[in-house]
Amino acid sequence: MSEAKSFRKPYKRPVDKLWWLKNKFFTVYMIREGTAVTALFAALEIILGIFLFGLCNLDAETATAETAAPYLWWVQDFLGNPLVIILNLVCLAASLFHAVTWFNLMPKAVRLFMNKNSTELLPDYIVKMGLYGALAGATVVILVFAVATI
Amino acid sequence: MRQFLPTPSDEPIYWLMFGAGGMVAGIVLPSILVIMILAGLGSPDLATGLLNFEQVKGLLGNWLLAAMLFGIVFMLCFYSLHRMYHSTHDLGFHTKLFWFMAYGGAAALAFITLGLQLLIYFKLF
């Protein structure tokens, strides 16, 4: 940190809180930023599940409905709640929207050159196809693994 | 005359975690949400159904899978709160308080998750 005391008093222009509704481009931009909220919700769901799993009696020789009651509440009543299912579907849609926009901006953020001797960039569609392939591959691997380890 | 030296920014660290979390949210999160939706619809039991008790016991008891789950949650927390902090500027809030709330909250959630996972891991095996 600089030791100089700042005497800056920047002028903060008053902003209309709903400025982003007046232009379709800005509305899509704010929805894209809003996908972060749904990602946080998904993370909190997972953390709640881990917490309630920790509350179970894990020393029991064989798990019964009593020893695993907190976790069973999470997986049956919480995740099975119609409101939570709807929220999870919204999160899924937001996550896929985020994925599409994220993959679209990735060729602009990561500039890959064709080779060392030229300034020609790798075509955008190759980077995007790689990312969509990663999404498809990860989805298949995780779902197959989840079903196989039941 | 005081020298005004450029101070190194800490933003690259957060931006790196934001970038990694964005990848996680785009590539890994959809399938995790599908699993949670299917588990909610399937109403799993102690040993039957997707995300049943024994399956999650094996997931959290395996050091590699547990570390991967922690990494996913950690990255998601920093990604989403970083993005939400920068969105507060778009809504006209320019206060450092939100910086502490966002990154403090993300760090707190990460430490809580790590602690819970370590407790569960060492309780199990």
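Residues numbered from 1 in each chain as written. Chains lettered and ligands numbered in written order. Predicted model: local features only at pLDDT ≥ 70, side-chain atom pairs only at ≥ 80, totals over all residues.

**Points about the overall build of chain B**
Looking only at helices and strands, chain B has five helices and zero strands in total. Each helix (α) and strand (β) of chain B, taken in turn from the N terminus, gives the series α-α-α-α-α. Taking 125 residues into account, the globule formula puts the C-alpha radius of gyration at 14 Å, and chain B, at 19 Å, lies well above it. On the principal axes, the C-alpha backbone points of chain B span a range of 75 × 35 × 25 Å. The buried share of chain B, reckoned over its 125 residues, is 39%. Considering only contacts in chain B between residues 6 or more positions apart, those separated by 24 or more positions represent 62%. (Helix = DSSP H or I, 4+ residues; strand = E, 2+ residues; numbered from the N terminus. Rg over C-alpha atoms; globule rule 2.2 N^0.38 Å. Buried ≥ 20, exposed ≤ 12 C-beta atoms within 10 Å, placed from the backbone. Contact = placed C-beta atoms within 7 Å.)

**Observations regarding helix H4 (residues 63-90) of chain B**
Its 28 residues give H4(B) an end-to-end C-alpha distance of 41 Å, which sits within 8% of 40 Å, the value for a rise of 1.5 Å per residue. Directly after H4(B), the chain includes B:Gly92, whose backbone phi takes a positive value near 90 degrees. (Expected span 1.5 Å × (residues − 1).)

**Topic: the domain arrangement of chain A**
Assigned domains within chain A: domain 1 (19-94) and domain 2 (110-150). Measuring from the centre of the C-alpha atoms in domain 1 of chain A to the corresponding centre in domain 2 of chain A gives 27 Å. (Domains from an automatic or database assignment.)

**Thoughts on the interface of chain A and chain B**
In this complex, chain A contributes 52 residues to the contact, which on the side of chain B involves 51 residues. Of all elements in the fold, only helix H1 (24-55), helix H2 (69-78), helix H3 (82-109) and helix H4 (124-148) of chain A reach the threshold of two or more residues within the side of chain A that touches chain B. The element that contributes the greatest number of residues to the side of chain A that touches chain B is H1(A), accounting for 14 residues. Classifying every residue of the side of chain A that touches chain B gives 39 nonpolar, nine polar and four charged. (Nonpolar A, V, L, I, M, F, W, Y, C, P; charged D, E, K, R; others polar.)

**Section: the packing of H3(A) against helix H2 (residues 29-42) of chain B**
The relative placement of two packed helices is expressed as an angle between their axes plus a distance between the axes. At a minimum axis distance of 9 Å, the contact between H3(A) and H2(B) shows a crossing angle of 165 degrees. Taken as axis vectors, H3(A) and H2(B) run roughly antiparallel relative to one another. The crossing of H3(A) and H2(B) is left-handed. Mapping the contact onto sequence places A:Val84, A:Ile85, A:Asn88, A:Leu89, A:Cys91, A:Leu92, A:Ser95, A:Leu96 and A:Ala99 in H3(A) and B:Leu29, B:Pro30, B:Leu33, B:Val34, B:Met36, B:Ile37, B:Gly40 and B:Leu41 in H2(B). Classifying every residue of the contact of H3(A) with H2(B) gives 14 nonpolar, three polar and no charged. (Axes fitted to C-alpha atoms, helices over the stretch in contact; angles between N-to-C directions. Parallel < 35°, antiparallel > 145°, perpendicular 65-115°, else oblique. Left-handed = near helix turned anticlockwise from the far one by under 90°.)

**As for unusual backbone geometry**
All names here are of chain B. The backbone of Ser43 shows a phi angle near 50 degrees, a positive value even though the residue is not glycine. Its identity is not glycine, yet Leu51 carries a phi of approximately 65 degrees, on the positive side. Looking at the secondary structure, you find Leu51 in the loop between H2 and helix H3 (53-61).

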